[in-house]
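# Geometric and topological summary
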Amino acid sequence: VKQMVESLVRLPKRARTETKSRLNTNIAKAFRGANILADQDETIDEGRVVKGFTIDETEDLVADFALKNGKLHVVSTLDLKSRYTGKGETALKSMILHKAEKKFPEKVRKIGVFSVEKDTLETFRPQLNMLEEFSDVLLDWQDPNQKRRLTRDLIDAMGHRGDLV
């Protein structure tokens with residue numbers, strides 16, 4: 001009877017789906033507020049920041065954000081506030097930047113953006129060092145000045161003022 005009740009009444013366990021990074025959500029919100037985030041139907045060739053830009057299709061390497069204006073600006077994010085982020089995720093984010101540089105030599109600007117609680121900063125120092133090694137610039141999303149710098153840098157790369165907040 002117990003097995004029958006469990007099979008008929010209880011919902012089956014859902015397969016774990018990929019969780020979106022809160023960091024990426026916050027960055028997209030800031031970009032949308034500055035009017036630099038592309039709409040879903042826009043491509044990278046339209047000169048606005050796109051989400052989920054494929055760097056290498058065969059290796060399934062996708063940048064979190066990208067902008068193309070003659071130079072490719074690739075943003076790879078590392079949300080160290082998430083309990084699921086480990087060294088493997090850091091290696092993947094670093095590899096995305098590395099592959100972008102190999103695929104577009106001298107035409108790419110690699111931007112690493114991270115978010116970490118201040119009290120765990122030293123715990124995650126190895127991951128930050130790895131991401132920094134593959135980035136032209138590494139920005140802390142928790143720092144308001146660095147947050148504004150990311151948006152300003154991309155607005156400047158777009159060649160117009162945008163809507164700075």
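Below is a short write-up of the structure. (Residues numbered from 1 in each chain as written. Predicted model: local features only at pLDDT ≥ 70, side-chain atom pairs only at ≥ 80, totals over all residues. Heavy atoms only, no water.)

## A few points about the side chain of Thr77
Put simply, the rule is: By the criteria applied, helices consist of DSSP H or I runs no shorter than four residues and strands consist of E runs no shorter than two, each listed in order from the N terminus. In protein, a polar contact requires one atom able to donate a hydrogen and another able to accept it; more generally it is a pair of N or O atoms within 3.5 Å, and residues adjacent in sequence count only if both atoms are side-chain atoms. Whether two residues touch is decided by their heavy atoms; if any such pair falls within 4.5 Å, the residues are in contact.
Summarising the element assignment, Thr77 is placed in strand β3 (residues 72-79). Polar contacts involving the side chain of Thr77 include one to the side chain of Asn24, which spans 2.5 Å. Once residues lying within four places of it in the same chain are set aside, the contact partners of Thr77 are Leu23, Asn24, Ile27, Asp64, Phe65, Lys93 and Val113.

## A short note on the sheet that holds β3
Worth spelling out the cut-off: Strands were regarded as paired on the criterion that DSSP finds at least two bridges between them. Working convention: axes come from line fits to C-alpha atoms, limited for helices to the stretch in contact. Angles between N-to-C directions cover 0 to 180 degrees.
Judged by pairing direction, the sheet is mixed, and its five strands sit side by side in the order β1-β2-β3-β4-β5 without closing on themselves. Two strands bound the open sheet, and with one partner strand each, they are β1 (50-56) and β5 (137-140). Neighbouring strand axes in the sheet, compared pairwise and without regard to direction, differ in orientation by 40° on average. As defined by bridge partners, β1 adjoins strand β2 (residues 61-68) across five bridges and the pair is classed as antiparallel. Bridge pairing in β2 links Asp56 to Leu61. Contacts between helix α2 (residues 22-33) and the sheet are confined to β1, β2, β3 and β4 (108-115), with β3 contributing the most and set at about 135° to the helix. Of the strands in this sheet, β1, β2, β3 and β4 are in contact with helix α3 (residues 87-103), which crosses β3 at around 175°.

## Brief notes about the layout of surface pockets
The condition that has to hold: Two kinds of site are reported from a 1 Å grid over the protein atoms alone, namely cavities, where a 1.4 Å probe fits but cannot get out, and pockets, open sets with protein on both sides within 12 Å along at least five of seven lines, and residues are called lining when an atom falls within 4 Å of a point. Grid points are joined across faces, edges and corners, and a volume is the space filled by probe spheres set on the points. When residues are grouped by polarity, Ala, Val, Leu, Ile, Met, Phe, Trp, Tyr, Cys and Pro land in nonpolar, Asp, Glu, Lys and Arg in charged, and all others, Gly among them, in polar.
Roughly 180 Å³ of volume is contained in the second largest pocket. Around the second largest pocket, the lining residues are Arg32, Asn35, Ile36, Leu37, Ala38, Asp39, Gln40, Glu42, Arg48, Val50 and Lys51. Residue composition of the lining of the second largest pocket, by class: four nonpolar, two polar and five charged.

Geometry only, nothing functional implied.
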